[in-house]
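# Fold and contact review
Here are the chains, one letter per residue:
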Amino acid sequence: MFNGKLSVFLTVGNKNQKELCEKIVSMTPGLRRYSVTVVSDDDCGHRLGSGGAVLNILHNHYKCGEKIVIVNSGGVSKRSVNYAVRSKAFANIEYDNEVISLMELILINAEKIMESVSSGILVCCSDIIVHTDKSSFNLIDNTGLCMETDFITASRHGVMLCDAETVMTDYYHKRPPEFLQSVVGDNNGCGVCVDTGITYFTDNFSYALKELAESPEFECIYFRKNIEL
């Protein structure tokens, strides 16, 4: 069980978005049960992207033995322009006969998942597939959560191909349905597994990422050469 509130970090693109998101969080009853900190790329003066945003949180906030949730929502929302200003995490959806935000649903699922682990981080994308209940899973290794769907739906997402031991062997991003079916086969009519946008990292791996983020060599490569992670 949790010691107090679950620590949540929402990453956004700029300070204006950060200020608006902080107001929305404070006004949303379903989010008050969590400790939500909004962090923007402007805080460190660089456009980070999702990978850089995760390393930024690890560098500044993560300690060994802790467990935190990171929700990345700093994109420009090209497919959902009506949420470009306030961030995709606050798109409204109907869940359990009630209208709530994606952020609330993400954290409902995240809390169930984090109850089953002793430490580590859960990284969630705010605009993929968030309706997944994996609370019964015993996550002992780095794990990406997927769900089964049809080939047409899968063509709009990331597809995970796994071996018999559920170890991912290939990953295809937004490939045509015909291509996916040719790779996967009929799969006994079961479709294909798509990335839900939820990934669990163990404490050991999270700390290794933190050390990477704090290394002078990485800072030199990442910021001066302006690469994307």
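Our structure is the block above this text.
Residues numbered from 1 in each chain as written. Predicted model: local features only at pLDDT ≥ 70, side-chain atom pairs only at ≥ 80, totals over all residues. Heavy atoms only, no water.

### Considering the packing of aromatic side chains
Convention followed: Two aromatic rings from Phe, Tyr or Trp, using only the six-membered ring of Trp, form a pair when their centres are within 6.5 Å; if the ring planes differ by under 30 degrees the pair is stacked, by over 60 it is edge-to-face, and anything between is tilted. Categorising residues by exposure relies on relative accessible area from a 1.4 Å probe, with only protein chains included: less than 20% of the type maximum marks a residue as buried, more than 50% marks it as exposed, and the intermediate range marks it as partly exposed. Each ring is checked for a lysine NZ or an arginine CZ that lies within 6 Å of its centre and within 35 degrees of its normal; such an atom marks a charge sitting over the ring.
A full pass over the atoms with the stated rule returns two aromatic pairs. Between Y172 and F179, the aromatic rings sit 5.1 Å apart at their centres with planes inclined by 80°, giving edge-to-face as the arrangement. Judged by relative accessible area, Y172 falls into the buried class, the value being 18%. A relative accessible area of 24% means that F179 is categorised as partly exposed. An angle of 50° between the planes, with centres 5.0 Å apart, marks the rings of F201 and F205 as tilted. The exposure class assigned to F205 is partly exposed, which follows from its relative accessible area of 33%. Looking at R175, its charged tip hangs above the ring of F179, at a distance of 4.0 Å from the centre.

### Overview of helix α2 (residues 49-61)
Structural remark: α-helix, 3.6 residues per turn; residues separated by three or four positions point the same way. Rule in force here: Only DSSP runs of H or I with at least four residues qualify as helices, and only runs of E with at least two residues qualify as strands; both kinds are numbered from the N terminus onward. Helix span, as expected, comes to 1.5 Å for every residue beyond the first.
With 13 residues, α2 extends 18 Å between its outermost C-alpha atoms, agreeing within 8% with the 18 Å of an ideal straight helix rising 1.5 Å per residue. Listed in full, the buried residues belonging to α2 are G52, A53, V54, L55, N56, I57 and L58.

### Brief notes about empty space enclosed by the protein
What counts, and what does not: Only protein atoms enter the 1 Å grid used here. Points where a 1.4 Å probe fits but cannot escape make up a cavity, open sets with protein on both sides within 12 Å along at least five of seven lines make up a pocket, and a residue lines them when an atom lies within 4 Å of a point. Grid points are joined across faces, edges and corners, and a volume is the space filled by probe spheres set on the points. Side-chain classes follow a simple rule in which Ala, Val, Leu, Ile, Met, Phe, Trp, Tyr, Cys and Pro form the nonpolar group, Asp, Glu, Lys and Arg form the charged group, and the remainder, Gly included, forms the polar group.
Taken as a whole and assessed by the stated rule, the structure comprises one cavity of 30 Å³ or more. As a volume, the largest cavity reaches approximately 30 Å³. For the largest cavity, the full set of lining residues is T11, V12, V39, S40, D41, L48, A53, N56 and I57. Elements that contribute at least two residues to the lining of the largest cavity include exactly β1 (7-12), β2 (35-40) and α2. No other element matches the three residues that α2 contributes to the lining of the largest cavity. Here the lining of the largest cavity is composed, by residue class, of five nonpolar, three polar and one charged.

### What about the side chain of K67?
Heads up, the rule is: Under the rule applied, a polar contact is a pair of N or O atoms within 3.5 Å (in protein, one hydrogen donor and one hydrogen acceptor; residues adjacent in sequence only if both atoms are side-chain atoms).
By the element assignment, K67 lies in strand β3 (residues 67-72). Here the side chain of K67 touches M114 through a polar contact of 2.9 Å, landing on its backbone oxygen. Side-chain polar atoms of K67 contact the backbone oxygen of V117, separated by 3.0 Å.

### Brief notes about the environment of F201
Threshold: Note on definitions: a residue-residue contact is assigned when non-hydrogen atoms from the two residues lie within 4.5 Å.
Within the secondary structure, F201 sits in strand β10 (residues 192-201). Along the sequence, F201 and T143 sit 58 residues apart, while their C-alpha atoms lie 6.7 Å from each other. The contacts of F201, once residues within four sequence positions are left out, are G120, I121, V123, N142, S206 and L209.

### A few points about the pattern of salt bridges
To keep it simple, the criterion reads: When a carboxyl oxygen of Asp or Glu is within 4 Å of a side-chain nitrogen of Lys or Arg, the pair counts as a salt bridge.
Within this structure, the stated rule accounts for two salt bridges. Here E111 and R33 are joined by a salt bridge, their closest N and O atoms 2.9 Å apart. Of this pair, E111 sits in helix α3 (residues 102-114) while R33 sits in the loop between α1 (15-27) and β2, and the two are 78 residues apart along the sequence. For E111, a relative accessible area of 14% corresponds to the buried category. Across the salt bridge formed by E214 and K210, the nearest N and O atoms sit 3.3 Å from each other. Judged by its relative accessible area of 38%, E214 falls in the partly exposed class.

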